[in-house]
Each structure stands twice: as C-alpha cells, then as structure tokens.
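# Per-entry structural report
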Amino acid sequence: MSGITHCAEGDPVNHYLMIKSATRSVASNNKPFLTIILQDISGDIEAKLWDATAEDEEIFIPEAVVKVEGEITSFRGKKQLKIRAIRPVTEADNVNKSDLVPTAPMAIQDMMDQINQYIFEIQNPKMQRITRALVKKHQDAFFEYPAAVKNHHEYMSGLAYHVTSMLHLAKAIAGLYPDLDTDLLYAGIILHDMGKVTELSGPMGTSYTLEGKLLGHISIMANEIVEMAKMLEIEGEEVVILQHLILSHHSKGEWGSPKPPLVREAEILHMIDNLDAKLNMMNRSLEKVKPGEFTERLFAMDNRSFYKPSFEQARVPVNSEKI
C-alpha cells in the first residue's frame, strides 16, 4: 500500500500532497507557526510549519498542492510529518489535484442507482415524494460531499457512501425484524445527514459554513422537510415523524441531538448511523497498521487504540457442514 498514511515512523517523505487545512498559531517564543493537515488519496497527516511568515500564510492554504520533504515522526502516539522543505507545485511538476483527494470506494453512479432503488421501495407515497424531491434538489452535492470534516467518511462522496452502507444495514436488520417500518427507516437514513450539503463548504478543503456553525445539519434538514412538504402540498403525521428521525439521530443532547429517539425506527436509525460511522473509523485506522500492531488513538472512539490481531483470520464457507 502506498500513500502518506501508510508511511511508518522514521520513513523519509518526498511526496506531492494537498493541503486540507492550515491553522495559524503562536508558539511560546511568540513566533507564528502553521498547523497543516496534508492529504493524498490514502488519507491525511498533521504537520507543523515553524516560524511561518506572512507569505507562507498566503501560499499554504486549503486545496493548495505542495511538494514536501521530511520524515514521519510520532507525538503522543499519533504520526506526524516533520517538514524539512515545502514548496508549491508548478506546471513542471505535472500533478493532478484530483489524484490527491481521498474518495469513497464506490462509483457515484453505483451509489446513485442503489439509493434510488431504496427510494423506489418506499411504499408510503408521502415519504417517497418528500425523499425523492430532496435527493433531486441536492443531488450533485449529495453524491460529492464528505460526511464530515473529520473522524468518519471524511472523503469525497463519503456522505453518499455512508448512506448507502446504512441502507444495506437497515435492510439486513429488517430481515430479522420484519415488523420494522422500512419506509420510515429508509427515508430517515437517506435524509438524516443531507443537511451537511449546507453545513459543509464542499468536497475538497472541507470546512464548516456560516449556516453549519450557527444552525447545524440537523436543524437545517428538519426545516427543509417541512418546506418541501409544503411545496408538494403534503400534510400528515409522516412529516412530523420524518422530522423527528432527523432531530433525534444523534440520540443525546450532549451529542448534538435536540430530541432523543422516541419512535422505534428513530432508535434503529441512530444505532445504524453509529455502527457505520464507528466501523469506518476503525477500519480506516486498522488499514494503516500491520498485524500485531495498535492503531493511533482515535479521539472519537474514546481515545482508544485498536489492536490488529497477528493471526490469520479463518475463512469458513457459509454453507459448510459441521464435522
């Protein structure tokens, strides 16, 4: 595996990378420095540019592509890139920015087809119309944006990939519990994070917008459901319950949820959302380590490091008979 996140501590670095974010701070010696998050297709890594000048602050900005020389170090159990030299790329470098952007492991058209199939399976006409209309309204951004600035599915098309994975989980769970209302569950899953197309700035160099900082994706989408229902002249309990699924999907107030889940499908939506987000964080972190090693500490997972077992996983055929 290649890429900046697969480099081990002590490895030399001579890479083309894209700046994901750059934050100015002042050191104890009163000299400014930049905390730069650099990324390539494998993910991102933090670096410090010490004694940063005013010119550095103008050059090294989000979405700028740079050539970096240095080495991988570690600080408090987390890998960092120690910069020895950094410069903006030129035309002579012949670097394509799109080649440095982490992307969902599924084609946009495939995700679009699968999500549209789930919309088709929604039998309640009110829920289907609202869901279909909101997907159409935000289609381009919905299939290009990440699901977050950091932590989980924080890559191009991560939002749609998160939703697609959640829909498959919901279908599997509904197979075990057939009394679940899949109309409500599918619609809630598709809409639950759609407000992030307003909360976030875009698919690259992603940050929070003014609306994102002041309103947040939960209230944004709860309001959009009401607005779309009025536009489509739809009334009824379905509108209120769809709003509730959006307002409660973070489950607790301290996690940003205005209401706790008070409908069975709202509770399942929260569980599926949490499961998919946490698995994504663990899997992406485990990909960066070798068997027998621990991952970096994951802040969003209670600051835990996860161990990658060194034994080879046994592969047992699903239909094999017991001996």
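Residues numbered from 1 in each chain as written. Predicted model: local features only at pLDDT ≥ 70, side-chain atom pairs only at ≥ 80, totals over all residues. Heavy atoms only, no water.

Under an unreviewed UniProt entry, the protein chain has the name 3'-5' exoribonuclease YhaM and belongs to Pullulanibacillus pueri.

### A look at the pattern of salt bridges
Scanning all chains against the criterion turns up 14 salt bridges. For Glu238, the salt bridge goes to Lys126, with nearest N and O atoms at 3.8 Å. Remark: Lys126 occurs in helix α3 (residues 125-137) and Glu238 occurs in helix α10 (residues 237-248); sequence separation between them is 112 residues. Since its relative accessible area comes to 19%, Glu238 is described here as buried. The partly exposed category is assigned to Lys126, whose relative accessible area is 30%. Residues Arg264 and Glu265 are paired through a salt bridge, measuring 3.3 Å at the closest nitrogen-oxygen approach. For Glu265, a relative accessible area of 5% puts it in the buried group. One connected set of salt bridges, linked through shared partners, spans Asp179, Arg264 and Glu265. (Salt bridge = Lys/Arg side-chain N within 4 Å of Asp/Glu carboxyl O. Helix = DSSP H or I, 4+ residues; strand = E, 2+ residues; numbered from the N terminus. Buried < 20%, exposed > 50% of the residue type's maximum accessible area, 1.4 Å probe, protein only.)

### What about the nonpolar core?
Counting residues in each nonpolar core, the largest one holds 50 residues, and the members touching the most others are Ile189 and Ile225. Beyond its immediate stretch of four places on either side in the chain, Ile189 contacts Val163, Met166, Leu167, Ala170, Leu269 and Ile272. Formed by 20 residues, the second largest nonpolar core is a distinct cluster that contains Ile19, Phe60, Val66 and Ile83. (Core = buried A, V, L, I, M, F, W, Y, C linked by side-chain atoms within 4.5 Å. Contact = heavy atoms within 4.5 Å.)

### Here's the deal with the packing of helix α6 (residues 182-192) against α10
Packed helices, taken two at a time, are described by the angle their axes make and the gap between the axes. Contact pair α6 / α10: the axes reach a minimum separation of 9 Å and the direction vectors enclose 50 degrees. Considered as vectors, α6 and α10 are oriented oblique to each other. For the element pair α6 and α10, the recorded crossing hand is right-handed. Along the contact surface, α6 presents Leu184, Ala187, Gly188, Leu191 and His192, while α10 presents Ile241, Leu242, Leu245 and Ile246. For the contact of α6 with α10, the class distribution of residues is seven nonpolar, two polar and no charged. (Axes fitted to C-alpha atoms, helices over the stretch in contact; angles between N-to-C directions. Parallel < 35°, antiparallel > 145°, perpendicular 65-115°, else oblique. Left-handed = near helix turned anticlockwise from the far one by under 90°. Nonpolar A, V, L, I, M, F, W, Y, C, P; charged D, E, K, R; others polar.)

### Considering the pairing of strand β4 (residues 65-75)
Of the strand pairs in this sheet, strand β1 (residues 12-26) and β4 are connected by seven bridges, and their pairing is antiparallel. Across the sheet, the residue bridging to Pro12 is Glu71, located in β4. Of the pairings in the sheet, the one linking β4 to strand β5 (residues 78-88) comprises 10 bridges and is antiparallel in character. If you follow Ile72 over to β5, its bridge partner there is Leu81. Connecting β4 to the next strand, β5, in antiparallel fashion are two residues, including Arg76 with a positive phi near 55 degrees. (Pairing = 2+ DSSP bridges.)

### A few points about unusual backbone geometry
Phi at Asn30 takes a positive value of approximately 70 degrees, unusual for a residue other than glycine. Its location among the elements puts Asn30 in the loop between β1 and β2 (32-40). The phi dihedral of Asp302 falls on the positive side, at around 60 degrees, and the residue is not glycine. Along the chain, Asp302 falls in the segment after α11 (264-286).

### Brief notes about the packing of aromatic side chains
Across all of its chains, the model carries four aromatic pairs by this definition. Ring centres of Phe33 and Trp50 lie 4.8 Å apart, and the angle between their planes is 40 degrees; this geometry places the pair in the tilted category. Within this pair, whereas Phe33 is found in strand β2, its partner Trp50 is found in the loop between β3 (43-49) and α1 (54-59), the two being separated by 17 residues in sequence. On the accessibility criterion, Trp50 (52% relative accessible area) is exposed. Ring centres 5.0 Å apart and planes at 80 degrees place the aromatic pair Tyr118 and Tyr186 in the edge-to-face group. In this pair, Tyr118 is assigned in helix α2 (residues 108-121) and Tyr186 in helix α6, connecting sequence segments 68 residues apart. You'll find Tyr118 and Tyr186 in the same group, each marked buried. Lys67 extends its terminal NZ or CZ atom over the ring of Tyr16, reaching a point 4.9 Å from the ring centre. (Phe/Tyr/Trp six-rings, centres within 6.5 Å; stacked < 30°, edge-to-face > 60°. Lys NZ or Arg CZ within 6 Å of the ring centre and 35° of its normal.)

### Describing helix α9 (residues 216-231)
The end-to-end C-alpha distance of α9 is 23 Å, a good match for the 22 Å that 16 residues give at a rise of 1.5 Å each. Of all the positions in α9, only Gly216, His217, Ile218, Ile220, Met221, Ala222, Glu224, Ile225, Met228 and Ala229 are classed as buried. Those residues of α9 that are buried are in contact with α3, α6, α7 (196-199), α8 (210-214) and α10. (Expected span 1.5 Å × (residues − 1).)

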